[in-house]
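Survey of secondary and tertiary structure
Chain by chain, the residues:
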Amino acid sequence: MRGFDWGISQRLWLGFGSLLILLTTIATVSVLQSRDLATVVQRLSLEVVERVQRSQTLVSELETFQTAQKSGLLARATLRIPQSREYFARAEQAAARIDKQVAAMDAGMSDRERGLISSFREPWQRYIEVHEVVREKASQGQIEPALGLLENEGAPKLDEARFALASLTDFLREDLAAQRKMAAERMQRDQLILIGIVAL
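Since the model is a prediction, treat every value here as computed from it, not as a measurement.

This next bit is on helix 3 (residues 111-139). Helix length check: helix 3 (29 residues) gives 42 Å between terminal C-alpha atoms against 42 Å at 1.5 Å per residue, within 8%. Considered for burial, the residues of helix 3 that qualify are Glu113, Leu116, Ile117, Phe120, Pro123, Trp124, Tyr127, Ile128, Val130, His131, Val134 and Ala138. Of the residues trailing helix 3, glycine 141 is marked for its positive phi of about 80 degrees.

This is the structure in structure tokens:
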């Protein structure tokens, strides 16, 4: 009788122990799953998304720069000298913001991203050099030479910078889509693991 009672007790303890092991395993997997997903979400929110936004800001600032630059030339051509100076000042403020954004984007970039931002920075700096000459000629009332310089020497450099920026933006968007896909796949995989453990 005593042996029979001991057998039942042993089975109960073994069953209880197995249940504890199962619950511990599920809890451990859940914690690991949460950590992995948190890492992915952090990567998305703090790195990729931020760089996509910065690249889009660069596109917007380029438009602001070019609009102010053209407005400055037009104002000088119509002898609105104070307005011309104001427009050129706005262009240079936009250029400073562009340089600041580019410098901020360097941190944490992959080699591919650094190559793309470098492909933007180089023609952009050459374009700024052209812009400085254009501004000087405009201040002297030499509108036709300024426009010719901007079209013949400035435009190709600006087009090159725009193309590099578009390539960077496309690459970052593809990276963002890949990260989101990875997060979804990881979640699905972890859910299957949990289902498999519960089914045991």
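Still more ground to cover, so stick around.
This model, assessed by the stated rule, comprises four aromatic pairs. Between the aromatic rings of phenylalanine 65 and tryptophan 124, the centroid separation amounts to 5.3 Å while the plane-to-plane angle is 75 degrees, which identifies the pairing as edge-to-face. One end of the pair, phenylalanine 65, is in helix 1 (residues 2-77); the other, tryptophan 124, is in helix 3, and 59 residues separate them in sequence. Comparing phenylalanine 65 with tryptophan 124, the two get one shared label, buried. Each residue in the set Phe65, Phe120, Trp124 and Tyr127 is aromatic and connected to the rest through ring pairs, giving one cluster. For the cation-ring pair, arginine 112 lies above phenylalanine 171, with the distance from its terminal atom to the ring centre recorded as 5.7 Å.

Now for helix 2 (residues 81-105). Taking 1.5 Å of rise per residue, 25 residues should cover 36 Å, and helix 2 covers 36 Å from first to last C-alpha, within 8% of that figure. Among all positions of helix 2, only Ser84, Phe88, Ala91, Ala94, Ala95, Ile98, Gln101, Val102 and Met105 are buried.

Here we take up unusual backbone geometry. The residue leucine 79 is not glycine, and still its phi comes out positive at about 65 degrees. Inspection of the secondary structure puts leucine 79 in the loop between helix 1 and helix 2.

Note that aspartate 106 resides in the loop between helix 2 and helix 3. Leaving out residues up to four positions away in the same chain, aspartate 106 has contacts with Arg114, Ile117 and Arg121.

Once that is clear, we can look at the layout of surface pockets. Approximately 170 Å³ is the volume attributed to the largest pocket. Taken together, Arg76, Ile81, Ser84, Arg85, Phe88, Ala89, Glu92, Arg135, Glu136, Ala138 and Ser139 form the lining of the largest pocket. Elements represented by at least two residues in the lining of the largest pocket include exactly helix 2 and helix 3. Take the lining of the largest pocket: its biggest share by element is six residues, from helix 2.

What counts, and where the lines are drawn
- Residues numbered from 1 in each chain as written.
- Predicted model: local features only at pLDDT ≥ 70, side-chain atom pairs only at ≥ 80, totals over all residues.
- Heavy atoms only, no water.
- Helix = DSSP H or I, 4+ residues; strand = E, 2+ residues; numbered from the N terminus.
- Expected span 1.5 Å × (residues − 1).
- Buried < 20%, exposed > 50% of the residue type's maximum accessible area, 1.4 Å probe, protein only.
- Phe/Tyr/Trp six-rings, centres within 6.5 Å; stacked < 30°, edge-to-face > 60°.
- Lys NZ or Arg CZ within 6 Å of the ring centre and 35° of its normal.
- Contact = heavy atoms within 4.5 Å.
- 1 Å grid on protein atoms, 1.4 Å probe; cavity = no way out; pocket = protein on both sides within 12 Å on 5 of 7 lines; lining within 4 Å.
- Points joined across faces, edges and corners; volume = space filled by probe spheres on them.

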